[in-house]
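Chain by chain, the residues run as shown.
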Amino acid sequence: MSVLWITDERFLDHDTGRSHPERPARLSAVIDGVQRAGLADALVPTEPRIATDAELLAVHHQSVLDSVHRVAQAGGGRLDPDTVLSAESEAAARLAAGAGLAAIDGLDGGEADAAFCAVRPPGHHATPVRSMGFCMFNSAAVCAQALADRGEQVLVVDYDAHHGNGTQDVFWEDSRVMYMSWHQYPFYPGTGGLLERGEGSGAGTTINLPMPAGATGDAYRQGWDDAALPAVEAFAPDWLVLSAGFDAHRADPLTSLGLAAGDFADLTDAIIDVVPPGRRIAFLEGGYDLDALADCAAAAVAALAGTHWRPEPATGGGPGGEVAVAAAALLP
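Source: prediction; values computed, not measured. (Residues numbered from 1 in each chain as written. Predicted model: local features only at pLDDT ≥ 70, side-chain atom pairs only at ≥ 80, totals over all residues. Heavy atoms only, no water.)

Caption draft 1: Structural detail: the overall build of the protein chain. Of regular secondary structure, the protein chain possesses 10 helices and 10 strands. A compact globule built from 332 residues would reach a C-alpha radius of gyration of about 20 Å, and the protein chain, at 18 Å, matches this within 12%. C-alpha atoms of the protein chain, sized along the principal axes, occupy 50 × 45 × 40 Å. Across the 332 residues that make up the protein chain, the buried fraction comes to 59%. (Helix = DSSP H or I, 4+ residues; strand = E, 2+ residues; numbered from the N terminus. Rg over C-alpha atoms; globule rule 2.2 N^0.38 Å. Buried < 20%, exposed > 50% of the residue type's maximum accessible area, 1.4 Å probe, protein only.)

Caption draft 2: Summary view of helix H4 (residues 89-108). With 20 residues, H4 should cover 28 Å at 1.5 Å per step; its first-to-last C-alpha distance of 29 Å lies within 8% of that length. The axis of H4 is deflected most strongly, by about 25°, at Gly 98. Positive phi appears at Gly 110, one or two residues downstream of H4, with a value of about 75°. (Expected span 1.5 Å × (residues − 1). Bend = angle between axes of the 7 residues up to and from the residue.)

Caption draft 3: Local environment of the packing of aromatic side chains. For the coordinates displayed, the defined rule picks out 7 aromatic pairs. An angle of 10° between the planes, with centres 5.7 Å apart, marks the rings of Trp 5 and Phe 116 as stacked. One end of the pair, Trp 5, is in strand E1 (residues 3-6); the other, Phe 116, is in strand E5 (residues 114-117), and 111 residues separate them in sequence. You'll find Trp 5 and Phe 116 in the same group, each marked buried. Between Phe 134 and Tyr 288, the ring centres sit 5.8 Å apart and the planes meet at 85°, which makes this aromatic pair edge-to-face. Of this pair, Phe 134 sits in the loop between E5 and helix H5 (139-149) while Tyr 288 sits in the loop between strand E10 (280-284) and helix H9 (290-304); the two residues are 154 residues apart in sequence, bridging distant segments of the chain. Across the pair, Tyr 288 and Phe 134 agree in class, each one buried. Through successive ring pairs, a cluster of aromatic residues spans Tyr 159, Phe 246 and Phe 264. (Phe/Tyr/Trp six-rings, centres within 6.5 Å; stacked < 30°, edge-to-face > 60°.)

Caption draft 4: Geometry of a negative patch on the surface. Where like charges cluster on the molecular surface, the negative patch consists of Glu 9, Asp 13, Asp 15 and Glu 88. Within the secondary structure, Asp 15 sits in the loop between E1 and helix H1 (25-36). (Patch = residues over 30% accessible without salt bridge, like charges linked within 9 Å, V, L, I, M, F, W, Y side chains within 5 Å. Areas by Shrake-Rupley, 256 points an atom, 1.4 Å probe, with all protein chains shown as cover. Salt bridge = Lys/Arg side-chain N within 4 Å of Asp/Glu carboxyl O. Lys, Arg positive; Asp, Glu negative; His and termini not counted. Charge placed at Lys NZ, Arg CZ, Asp CG, Glu CD.)

Caption draft 5: View of the packing of H4 against H5. Where H4 contacts H5, the two axes come as close as 7 Å, and the packing angle between them is 35°. Considering how the two elements wind past one another, H4 and H5 form a crossing that is right-handed. Here Ala 96, Ala 97, Gly 100, Leu 101 and Ile 104 of H4 come into contact with H5, specifically with Ser 139, Val 142, Cys 143, Ala 146 and Leu 147. Across the contact of H4 with H5, the residue classes tally to 8 nonpolar, 2 polar and no charged. (Axes fitted to C-alpha atoms, helices over the stretch in contact; angles between N-to-C directions. Left-handed = near helix turned anticlockwise from the far one by under 90°. Contact = heavy atoms within 4.5 Å. Nonpolar A, V, L, I, M, F, W, Y, C, P; charged D, E, K, R; others polar.)

Caption draft 6: Region of the structure containing the layout of surface pockets. Quantified by volume, the largest pocket comes out at close to 180 Å³. For the largest pocket, the lining is made up of 16 residues, of which Gly 133, Phe 134, His 162, Tyr 188 and Leu 254 are closest to its centre. Among the residues forming the lining of the largest pocket, the class breakdown is 8 nonpolar, 5 polar and 3 charged. (1 Å grid on protein atoms, 1.4 Å probe; cavity = no way out; pocket = protein on both sides within 12 Å on 5 of 7 lines; lining within 4 Å. Points joined across faces, edges and corners; volume = space filled by probe spheres on them.)

Caption draft 7: Quick look at the nonpolar core. Membership of the largest hydrophobic core comes to 104 residues, with the highest contact counts inside it found for Phe 116, Tyr 159, Trp 182, Phe 246 and Ile 281. Element by element, the count of residues in this core is highest for H4, at 10 residues. (Core = buried A, V, L, I, M, F, W, Y, C linked by side-chain atoms within 4.5 Å.)

Caption draft 8: Fine view of unusual backbone geometry. Following Arg 120, the chain continues to Pro 121 via a peptide bond in cis, the omega torsion being 5°. One can find Pro 121 in the loop between E5 and H5. Following Tyr 185, the chain continues into Pro 186 via a peptide bond in cis, with omega recorded as -5°. Relative to the helices and strands, Pro 186 is located in the loop between strand E7 (177-184) and strand E8 (206-211). With a phi close to 80°, Phe 134 is a non-glycine residue in the positive phi region.

Caption draft 9: The sheet that holds strand E6 (residues 154-158), seen in detail. Read from one edge to the other, the open sheet built from 8 strands follows the order E2-E1-E5-E10-E9-E6-E7-E8, with strand pairing classed as parallel. Each of the sheet's edge strands pairs with one partner strand only, and the pair in question is strand E2 (43-46) and E8. Recorded for the sheet is a direction-independent mean angle of 15° between the axes of neighbouring strands. Taken together, the 6 bridges between E7 and E8 define a ladder with parallel strand orientation. Within E8, the position partnered with Gln 184 by the bridge is Met 211. Here H4 sits on the sheet and contacts E1, E5, strand E9 (239-244) and E10; the angle it forms with E10, its principal contact strand, is near 160°. (Pairing = 2+ DSSP bridges.)

Next up, the structure:
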């Protein structure tokens, strides 16, 4: 199977400063990891494109676009204590948001079986009204919105260690998009409780699995099998958008979860099975230990390519199984 490999050197121009964890070396690590895994023959290099104002405004308020533009045009600065821009950051963020739209076009055209958007900055914390948490525009949400607006049922799965509050907010009342997330809880940004399940026409289309510190891959897989998959199958998605953050790895300096690269291989393999080839799009989100990021990203890309790369085994024996039991009890 083939994978659209959507990236651009301009993502390296988003300069957050020497001490910031969301740094250009992250993208270099992902590229190196995929090369070491021997996946080059499965990749179809594809250019992202700049997302237009209209495409961003389908998800964000005008004030979000204005704030990013103002700070970038001033030469850089902070949108909040965590979210740092340089002069080139607005262009990088628009490219990241446009990468998913390029992926849709390529998959529609039969150019590959899946897409991996190796982009930065990440996006899943950006809400309709606010950039935050290293994120300017919500690339995964822009992609899912575009698909939903043309009549598709879209599943967004997020296994980043931080809850994708922005993506949840965008689709909180939208029955066309199901949002499912594992994340460390309680932890930044403080959202993603078990009972947060959507409202209005979107009631029941948000599924949160808030994991305790130290949770291992067996608890993640139990949550998928027992609580998420039955709801996903009832929802019957046409497309999958995967927020692929790798900071749940046990070596990550910002989190306290217990996953390994083998878990990301297993999770990705299970998740993508809910939609047919040609309708699978993944976005790089978090992951801040460079060696772990390289291994985990390669494991996920390998799963998208229909092969296996497990530089370390899956994990088990940690806490978190009780979350799966509690979430399964909420199913209709």
